[in-house]
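# Residue-level structure breakdown
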Amino acid sequence: MSLRRLPALDPLGTLLSAVGVVALVFLPFVVFKANRIVPGEARALLEFLPAWAALSFVLVLALVALVAVGVSNARVRLAFALAGVIAVASAVAAAGNALTPPGNQVIRISPGAGFWLLLIGLGLLATDAVTRMRPGPGMRVLLLVLSVLAAGLAIASGAFDHLSIMREYAVNSDRFAREARRHLLLAFGSLAAAVVVALPLGILCHRIPRIRAGVLGVLNLIQTIPSIALFGILMAPLGALAAAVPWAADLGIRGIGAAPAVVALFLYSLLPVVANTVVGLARVSPAAVDAARGMGLTRGQILAHIELPLALPVILTGIRIVLVQNIGLVTVAALIGGGGFGAFVFQGIGQTAMDLVLLGAIPIVMLAFSSALLLDALVDLMNRAAR
Amino acid sequence: MISIEALTKQYGAMRVVDEVSMSIESGSITVIVGTSGSGKSTLLRMINRLVEPTSGRVLIDGNDTASMPAHLLRRRIGYAIQSNGLFPHRTVAENIATVPRLLGWEKARIAARVEELLRVFQLDPVACGSKFPHQLSGGEQQRVGVARALAAEPALLLMDEPFGALDPVIRSKAQDDLLDIQRRFGTTIVLVTHDMDEAFRLGDRVAVMRQGRVLQHDRPGVLLTRPADPFVTRLSGTADRALKLLSLTTAGELAEPGPRESRTVAAGASLREVLSDLIWSGAEAATVLNPDGTSAGRVSLARLLAHGRQS
């Protein structure tokens, strides 16, 4: 009699499968609400799916769990994770269509905690599989673009239109585009302004060691001020500026709104970029700089052709930190009238309309995730080119 | 010809280089040797003004180096350092092309020069030119560093401990290569080292520095036989100084007419090698052969011993 050795269990897969089982069995997959602000009641799978569909849905998820636990091939894991995502998305779309009476605009069908947990678990499984495949920077960006395209097409197809978040979107579609632009403008605008100031400041700190501790100390101090407090602190001087200088007010500088938001985000952005510029420049081999000087490169040429290219990966890492940080912080700017996706979040909190909160929160997470991935790929590319 | 006149560098109260005057002949190799902190690197770096002198001046072919912008001066002087200082983000070919590019050479001329140098330094122009420095061995990186320093055909090459990071076998080869290249291009070389053997091996002239001053600047043989200062004796070492003296002369230089011997040595071999060969074989004398195989005369044991004697 031969003993078959069991394959080693995959730790992450086992954990995610356990979470999936809990989500499927104990948590509501969809929630039915009579209107957008009342608490909802859970609906079971069989209430919105025909028996065969509910059975195949559970079967697909069970298969995914088996693969997650026992198969180590990354491509197979990725394929099954994506199949799981499609199954979960189809089920929730079906729920929206089945549970909405024709023509009814008042009731809400919300994805429940079970749906979100399943989606997050499958997403983690997919990202883990991609990581195990060790794709190059170009491949990672391609995968991101494909995922975004697929998600965009699925949403545009109207399959999810009966779901609560899409209902909120339908009501707010004009505003959504406006707040999206505003969110990007605030995040990238303050980043651009910060880079313009922080890069020279970092170079200066590198060249003049005496000022380094002072500059970094002040920027560190700014970083420790809570964002809401900083918005508050900035209201008074900017308001006074707008009152005293008419053309400043004409430019849109006011105590509340975008101006204090941009200034605060700009201030928060300085430290990571300055600090990483200093670290990046310090990392450049002194021998290379000495040789460059000895061969007759001017200081400007050494900076442009030797020091900055060699420090660039580290500087870009700083910019990546700032971008992700800003995309998150812009949310808070909505509190002082800065706009952005945060406007939906706080409006939703005010109205206890969780779907509206999600309409703001999901794009913020996606935006931060995509920017981090894009800049990581860029840093990777730089590091490959210049070691 | 390079004239160094009363060159001084002072940091606070410290005189790192103290009124050094010396002249360096064109086409020669001058080695500045000293312990660390002797001011040898500072002296070298004042020649291309990486360090600005506190007082004194440097004349190259009669022109004061202070009369032109420092970066333009440096483009005319080759510069190679211990850790080679190659640019890690540039290919080998791009590294070598650095100064020619700064000088605005035409692309074809740069490419031809890079290829020539790679060949001279026994690096494959096709395979090596497009590599990045980290893909080369330490010895190859060092050669690229020297090739880069020579790229714009400088008449003067400054080298700061160029072989310090190499292991003994590769270092010995690199020293031979440097001698070959110096003969080929006729470059004036000023080289800094703390290794007296290296100084004796490479230097037409050796300058011994201590505490910012040049104690003695002369041919290696003179340093051994007539040291100007006890420190020079100490730095050269006393245990094997007779052998060191023998190693400075070749068999060809000492050969005298006489009968043909059964033992033969090459004219380019050092007397030290000849002595070793005679001890090993038990012969009393050897015939010196020119590279073409003709006899250049003979060297006897007695004459060898006399040559190594202090006199």
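Residues numbered from 1 in each chain as written. Chains lettered and ligands numbered in written order. Predicted model: local features only at pLDDT ≥ 70, side-chain atom pairs only at ≥ 80, totals over all residues. Heavy atoms only, no water.

### Brief notes about the domain arrangement of chain A
Residue and element names in this part refer to chain A. Segmenting chain A into domains produces domain 1 (11-134) and domain 2 (173-386). One C-alpha centre belongs to domain 1, the other to domain 2; they are set 37 Å apart. The interface of domain 1 with domain 2 comprises six residues on the first partner and eight residues on the second. Surface buried jointly by domain 1 and domain 2 totals about 510 Å² across both partners, of which 48% is contributed by carbon and sulfur atoms. The largest contributions to the domain 1 side of the interface with domain 2 come from Arg 36, Ile 37 and Trp 116, which together make up 70% of the buried area. (Domains from an automatic or database assignment. Contact = heavy atoms within 4.5 Å. Buried area = accessible area lost by both parts, 1.4 Å probe.)

### Examining the side chain of Arg108(A)
Residues and elements named next belong to chain A. Within the fold, Arg 108 resides in strand E3 (residues 108-111). Within the buried core, Arg 108 has no salt-bridge partner, and the shortest N-O distance to an opposite charge, that of Glu 168, equals 4.2 Å. Beyond its immediate stretch of four places on either side in the chain, Arg 108 contacts Val 31, Phe 32, Lys 33, Asn 35, Arg 36, Ser 164, Arg 167 and Glu 168. (Helix = DSSP H or I, 4+ residues; strand = E, 2+ residues; numbered from the N terminus. Buried < 20%, exposed > 50% of the residue type's maximum accessible area, 1.4 Å probe, protein only. Lys, Arg positive; Asp, Glu negative; His and termini not counted. Salt bridge = Lys/Arg side-chain N within 4 Å of Asp/Glu carboxyl O.)

### Details of unusual backbone geometry
Residue and element names in this part refer to chain B. The residue Arg 49 is not glycine, and still its phi comes out positive at about 60°. Positive phi, normally seen in glycine, also occurs at Gln 122, with a value near 55°. Counting through the fold element by element, Gln 122 comes out in the loop between helix H5 (107-120) and helix H6 (125-129). Residue classification places Gln 122 among the partly exposed residues on the basis of a relative accessible area of 48%.

### Observations concerning the sheet that holds strand E12 (residues 285-289) of chain B
Residues and elements named next belong to chain B. Spatially, E11-E12-E13 is the arrangement adopted by the three strands of the open sheet, whose pairing is mixed. Pairing within the sheet leaves two strands with one partner each, and these edge strands are strand E11 (264-266) and strand E13 (295-300). Strand-to-strand, the axes of this sheet are offset by a mean angle of 35°, without reference to chain direction. In this sheet, E12 lies alongside E11 in parallel orientation, the contact comprising three bridges. (Pairing = 2+ DSSP bridges. Axes fitted to C-alpha atoms, helices over the stretch in contact; angles between N-to-C directions.)

### A closer look at the pattern of salt bridges
Residues and elements named next belong to chain A. According to the stated counting rule, one finds 29 salt bridges over all chains in the structure shown. The residue Asp 10 makes a salt bridge to Arg 77 at a minimum N-O spacing of 3.2 Å. Here Asp 10 is found in the segment before helix H1 (11-26), whereas its partner Arg 77 is found in helix H4 (residues 74-99), with 67 residues between them in sequence. With relative accessibility at 11%, the residue Asp 10 sits in the buried group. What makes Arg 77 buried here is its relative accessible area of 1%. A salt bridge links Lys 33 to Asp 355; the shortest N-O distance between them is 3.5 Å. Highlighted residues: Lys 33 in strand E1 (residues 30-33) and Asp 355 in helix H15 (residues 354-385), separated in sequence by 322 residues. There is no split in this pair, since Lys 33 and Asp 355 are both buried. Through salt bridges with shared partners, a single ionic network connects Asp 10, Arg 77, Asp 128 and Arg 132.

### A look at a nonpolar patch on the surface
Residues and elements named next belong to chain A. On the surface, a nonpolar cluster with roughly 760 Å² of combined accessible area is contributed by Leu 12, Leu 15, Val 19, Val 21, Val 22, Val 25, Phe 26, Leu 27 and Leu 117. Looking at which element gives the most residues to the nonpolar patch, the answer is H1, with seven residues. Position of Val 25 relative to the elements: it lies in helix H1. Judged by its relative accessible area of 56%, Val 25 is exposed. (Patch = residues over 30% accessible without salt bridge, like charges linked within 9 Å, V, L, I, M, F, W, Y side chains within 5 Å. Areas by Shrake-Rupley, 256 points an atom, 1.4 Å probe, with all protein chains shown as cover.)

### Points about the interface of chain B and chain A
Taken together, the contact between chain B and chain A spans 22 residues of the former and 19 residues of the latter. Seen at the junction of chain B and chain A, the total is one salt bridge. Measuring nitrogen to oxygen at the nearest pair gives 3.0 Å for the salt bridge that ties Arg45(B) to Asp290(A). The interface formed by chain B and chain A contains seven residue pairs in polar contact (both at pLDDT 80 or more). Contributions of two or more residues to the side of chain B that touches chain A are made by helix H2 (70-75), strand E6 (77-81) and helix H4 (98-102) of chain B. Tallied by class, residues from the side of chain B that touches chain A come to ten nonpolar, seven polar and five charged. (Polar contact = N/O pair within 3.5 Å; in protein donor to acceptor, adjacent residues only side chain to side chain. Nonpolar A, V, L, I, M, F, W, Y, C, P; charged D, E, K, R; others polar.)

### As for the sheet that holds strand E7 (residues 156-160) of chain B
All names here are of chain B. On the basis of which strands lie adjacent, the open sheet formed by six strands has the order E6-E7-E8-E3-E9-E10 and mixed pairing. The open sheet terminates on both sides in strands that have one partner only, identified here as E6 and strand E10 (213-218). Within this sheet the neighbouring strands show an average axis-to-axis angle of 15°, counted without direction. Strand contacts of helix H7 (residues 138-149): E6 and E7, with the helix running at about 165° to E6, the strand carrying the most contacts. Against the sheet, helix H8 (residues 168-185) engages strand E3 (29-34), E7 and strand E8 (188-193), with an angle of about 160° to E8.

### Considering the environment of Gly70(A)
Looking at where Gly70(A) falls in the secondary structure, it is placed in helix H3 (residues 51-70). According to the relative accessible area criterion, Gly70(A) is partly exposed, its value standing at 35%.

### Quick notes on the packing of helix H7 (residues 164-207) of chain A against helix H11 (residues 258-283) of chain A
How two helices sit against one another is set out by the angle between their axes and by the gap between those axes. Residues and elements named next belong to chain A. Contact geometry of H7 with H11 gives a least axis separation of 6 Å together with a crossing angle of 40°. Classified by the interaxial angle, the pair formed by H7 and H11 is oblique. For the pair H7 and H11, the crossing hand works out as right-handed. For the contact of H7 with H11, the per-class residue count stands at 19 nonpolar, five polar and one charged. (Parallel < 35°, antiparallel > 145°, perpendicular 65-115°, else oblique. Left-handed = near helix turned anticlockwise from the far one by under 90°.)

### So, the pairing of E8(B)
All names here are of chain B. Within E8, six of the six residues are buried, leaving the element largely enclosed by the surrounding structure. Of the two faces of E8, both are covered, the one formed by Thr 188, Val 190 and Val 192 as well as the one formed by Ile 189, Leu 191 and Thr 193. Sheet topology places E3 next to E8; five bridges connect them, and they run parallel. Counted as the bridge partner of Val 31 is Leu 191 from E8.

### A word on the environment of Arg74(B)
Residue and element names in this part refer to chain B. The topology assignment puts Arg 74 in helix H2. For the pair Arg 74 and Glu 106, spaced 32 residues apart in the sequence, the C-alpha separation amounts to 20 Å. Within polar-contact distance, the side chain of Arg 74 engages the backbone oxygen of Arg 49 at 2.8 Å.

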